[in-house]
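Structural features, examined
Now for the letters of each chain:
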Amino acid sequence: MGWPARVGFGLLAALAVGLGVAWFLHTHERVEDTVQLPPRGEAAYNPLYALRESLRAAGVPAESRRRLDGGGRAPGVRDTVLMIGDPGTASPGEVQRLLDWVEAGGHLVVRTPPWTRRTREARPWGLLEQLGVRPIGAPGACAPLHIVGQPDHVEFCGGHRFVLDGRTPELAWDTVARVEPGGAPVDGSRDADDPQTRAILDRVEQRRRARNEGLVYARLVHGAGRVDVLADFDVLTNAELREPAHHRLARQILAPNWGHGTMHLIYAASVPPLWWLILTRGWMAWGPLLLALAAWLWMRTQRFGSLLPSPPGARRALLEHVRASGDHLVRYGRASLLYDAVRAAFYDRLRRRDPLAAALEGDAGIEAIAARTGLPPRDVRQALQPPRSDDATAFRQRIARLIQMRRRL
């Protein structure tokens with residue numbers, strides 16, 4: 001191929017590449033896409049990590065730890081403690097210390113225990129029992145939440161509702177709540193110190209108990225402090241705190257001591273089990289390994305179906321070997337070797353039994369053999385003549401006649 005042809009092919013290849021690039025740029029558009037990555041570091045096991053960072057960004061001192069007595073600073077008089085775990089796991093000493101701290105002016109935020117089918121044993125020294133909070137029934141319907149200027153929301157769908165025994169809440173939420181942009185209280189909640197308001201709240205509580213409905217949120221006055229009880233903390237976790245409505249709701253929940261002290265966020269480590277992490281995040285490793293194992297097993301598998309019968313045991317029968325050898329020679333056109341062997345065996349015995357007849361040749365030999373065996377000379381002559389290789393019938397007849405003649409010697 002000359003240089004002009006090579007240059008021409010090069011130009012055609014460059015033109016094809018240019019046309020392909022132009023088509024790709026014309027039919028495709030560069031866009032930006034945001035992919036939510038799984039949480040890492042502390043955000044992977046601390047469900048209140050986003051709340052702590054939001055509080056710090058708002059200028060509110062906040063710290064988080066796994067346990068109340070986990071080595072951090074003890075809560076101050078105007079501090080706030082938020083416990084996301086089951087309050088039923090607190091010891092009697094911790095319950096008494098928390099109640100004394102709240103009575104001095106602290107703000108405690110707790111939740112009702114998760115609902116289970118098993119009946120919980122009543123403990124008089126429990127935190128919720130000391131506050132007059134009694135969880136009821138299975139998780140009820142969602143509680144609608146209306147934010148001024150925001151779409152309507154529903155909250156506490158999986159929360160464990162509760163009722164108050166002998167307590168009148170300062171704030172309560174059972175059906176629909178309304179939150180103002182400026183941080184106004186939850187609708188339906190009024191100043192509990194007003195006698196008229198207290199009477200209204202008592203009647204509402206009586207009707208709620210008659211309908212066997214429960215609260216999803218209540219703020220109780222305990223000495224100089226406050227205790228907020230929620231049916232669930234789903235609105236305060238990392239994933240749910242992205243919504244503006246949950247920001248405002250969290251601001252109202254933490255309102256009593258806002259700006260007066262430190263927010264202590266007590267969380268229980270929510271690290272998923274190892275098998276779940278391997279199943280959900282390790283599939284890029286175990287998936288190819290599983291496929292490789294399946295391919296190896298498929299390659300090693302010899303056949304599918306029922307089991308084969310056991311092979312026959314080894315035998316040493318000489319007659320079967322001789323017969324198999326004869327069948328092999330006949331199948332491949334070597335039957336003349338079998339005839340020669342039978343004819344030679346006949347003459348060997350004839351020499352031992354009648355040397356004179358074996359020494360004769362021609363018609364004299366045939367007559368002597370016929371007299372010795374008692375067969376007609378025509379049959380003896382025919383048996384001593386080799387058959388054609390393609391005449392199976394003559395081969396069988398001559399072999400049978402030679403065996404008969406040998407037995408008559």
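Residues numbered from 1 in each chain as written. Predicted model: local features only at pLDDT ≥ 70, side-chain atom pairs only at ≥ 80, totals over all residues. Heavy atoms only, no water.

1. Notes on the state of the cysteines
Applicable threshold: When the sulfur atoms of two cysteines come within 2.5 Å, that pair is taken as a disulfide. By the criteria applied, helices consist of DSSP H or I runs no shorter than four residues and strands consist of E runs no shorter than two, each listed in order from the N terminus. Three labels apply to residues, based on accessible area from a 1.4 Å probe with only protein chains included: buried if under 20% of the type maximum, exposed if over 50%, partly exposed otherwise in between.
Throughout the structure, instances matching the rule amount to one disulfide. The side chain of C142 participates in a disulfide bridge whose partner is C157; the two sulfur atoms lie 2.0 Å from each other. In this structure the cystine formed by C142 and C157 twists about its S-S bond by roughly 120 degrees; its chirality is therefore right-handed. Of this pair, C142 sits in the loop between β4 (133-135) and β5 (143-147) while C157 sits in the loop between β6 (153-155) and β7 (162-164), and the two are 15 residues apart along the sequence. When its relative accessible area of 34% is taken as the criterion, C157 is described as partly exposed.

2. As for the packing of helix α10 (residues 335-353) against helix α14 (residues 392-407)
Short version of the rule: Geometry is summarised by axes, namely lines fitted to C-alpha atoms with helices restricted to the contacting stretch, and by angles between N-to-C directions that run from 0 to 180 degrees. By the definition adopted for this analysis, an angle is roughly parallel if under 35 degrees, roughly antiparallel if over 145, roughly perpendicular if from 65 to 115, and oblique otherwise. If you view the pair so one helix is near and one far, a crossing is left-handed when the near helix is turned anticlockwise from the far one by less than a right angle, and right-handed when it is turned clockwise. Any pair of residues with heavy atoms lying within 4.5 Å of one another is described as a contacting pair.
At a minimum axis separation of 9 Å, α10 and α14 run at an interaxial angle of 15 degrees. Judged by the angle between their axes, α10 and α14 are roughly parallel. Pair α10 / α14 crosses with left-handed handedness. Contact with α10, carried on its side by A335, L338, Y339, V342, R343, A345, F346 and R349, involves F395, R398, I399, L402, I403, M405, R406 and R407 of α14 and no other residues of that element.

3. Some words on the confidence of the model for the chain
In low-pLDDT segments, the atomic positions of the prediction should not be examined closely. Convention followed: You can read pLDDT as the predictor saying how much it trusts each residue, on a scale of 0 to 100.
This prediction gives the chain a mean pLDDT of 80; 85% of its residues lie at or above 70. Confidence drops under pLDDT 50 across residues 181-192; counting only partners more than four residues distant or on other chains, this segment forms 24 contacts.

4. Focus on the nonpolar core
Cut-off, in case you're wondering: To form a nonpolar core, buried Ala, Val, Leu, Ile, Met, Phe, Trp, Tyr and Cys residues must be joined to one another through side-chain atoms within 4.5 Å.
Residues L51, L55, L82 and W173 are the most contacted members of the largest nonpolar core, which totals 30 residues. Contributing elements (two or more residues each) for this core: α2 (49-57), β5, β8 (171-173), α6 (244-253) and β12 (263-266). Dropping the residues within four chain positions of it, L51 is found in contact with L82, L236, L241, L254 and L265. Of all hydrophobic cores here, the second largest spans 23 residues; its members include A90, V110, L128 and L215.

5. Some details on α2
As a reminder, the rule being used: Of all possible arcs, the one meant is that of the directions from the helix axis to the C-beta atoms.
Inspection of α2 places L51, R52 and L55 among the buried residues, and these make up the whole buried set. With its buried residues spanning 100 degrees around the axis, α2 presents them on a single face. On the buried face of α2, the contacting elements are β1 (62-65), β2 (80-83) and β12. Where α2 terminates, the next one or two residues include G59, which has phi positive at roughly 85 degrees.

6. Structural notes on the packing of helix α9 (residues 318-331) against α10
Cut-off, in case you're wondering: Asp, Glu, Lys and Arg are counted as charged, while Ala, Val, Leu, Ile, Met, Phe, Trp, Tyr, Cys and Pro are counted as nonpolar; the rest, among them Gly, fall into the polar class.
Across the interface, α9 lies against α10 with an axial gap of 7 Å and an inter-helix angle of 130 degrees. By the angle class used here, α9 and α10 are oblique. Across from G326, L329 and V330 in α9, the residues of α10 making contact are A335, L337 and L338. Across the contact of α9 with α10, the residue classes tally to five nonpolar, one polar and no charged.

7. Things to note about the pattern of salt bridges
Heads up, the rule is: Whenever a carboxyl oxygen of Asp or Glu lies within 4 Å of a side-chain nitrogen of Lys or Arg, that contact is scored as a salt bridge.
One pass over the full model with this rule turns up twelve salt bridges. A salt bridge links E63 to R65, with the nearest nitrogen and oxygen atoms 2.7 Å apart. Notably, a salt bridge pairs D391 with R388, separated by 3.7 Å at the nearest N-O pair. For D391, a relative accessible area of 23% corresponds to the partly exposed category. Counted as one network, the salt bridges with shared partners bring together E42, R52, E53 and R56.

8. Observations regarding the sheet that holds β2
Test applied: What makes two strands pair is DSSP finding at least two bridges between them.
With mixed pairing, the seven strands of this open sheet are ordered in space as β1-β12-β2-β3-β11-β10-β8. For this open sheet the edge positions go to β1 and β8, each flanked by a neighbour on one side alone. Going across the sheet, the axis of each strand differs from the next one's by a mean of 15 degrees, ignoring polarity. Relative to strand β10 (residues 217-222), α6 is tilted by about 20 degrees, and along the sheet it contacts β3 (107-111), β8, β10 and β11 (225-230).

9. Focus: the packing of aromatic side chains
Definition in use: Classification of ring pairs uses Phe, Tyr and Trp, with its six-membered ring standing for Trp, and accepts pairs whose centres are within 6.5 Å; under 30 degrees between planes counts as stacked, over 60 as edge-to-face, and the remaining range as tilted. Here, a charge over a ring is recorded when the distance from Lys NZ or Arg CZ to the ring centre is within 6 Å and its angle to the ring normal is within 35 degrees.
Counting across every chain of the model gives three aromatic pairs. Arranged with centres 5.7 Å apart and planes meeting at 80 degrees, the rings of W275 and W276 form a pair that is edge-to-face. The class for W275 is exposed, based on a relative accessible area of 56%. The interplanar angle of 70 degrees and the centroid separation of 5.5 Å between the aromatic rings of F346 and Y347 together place this pair among those described as edge-to-face. With respect to burial, F346 and Y347 carry one shared label: buried. A cation over a ring is seen here: R251 above W258, with NZ or CZ 4.2 Å from the ring centre.

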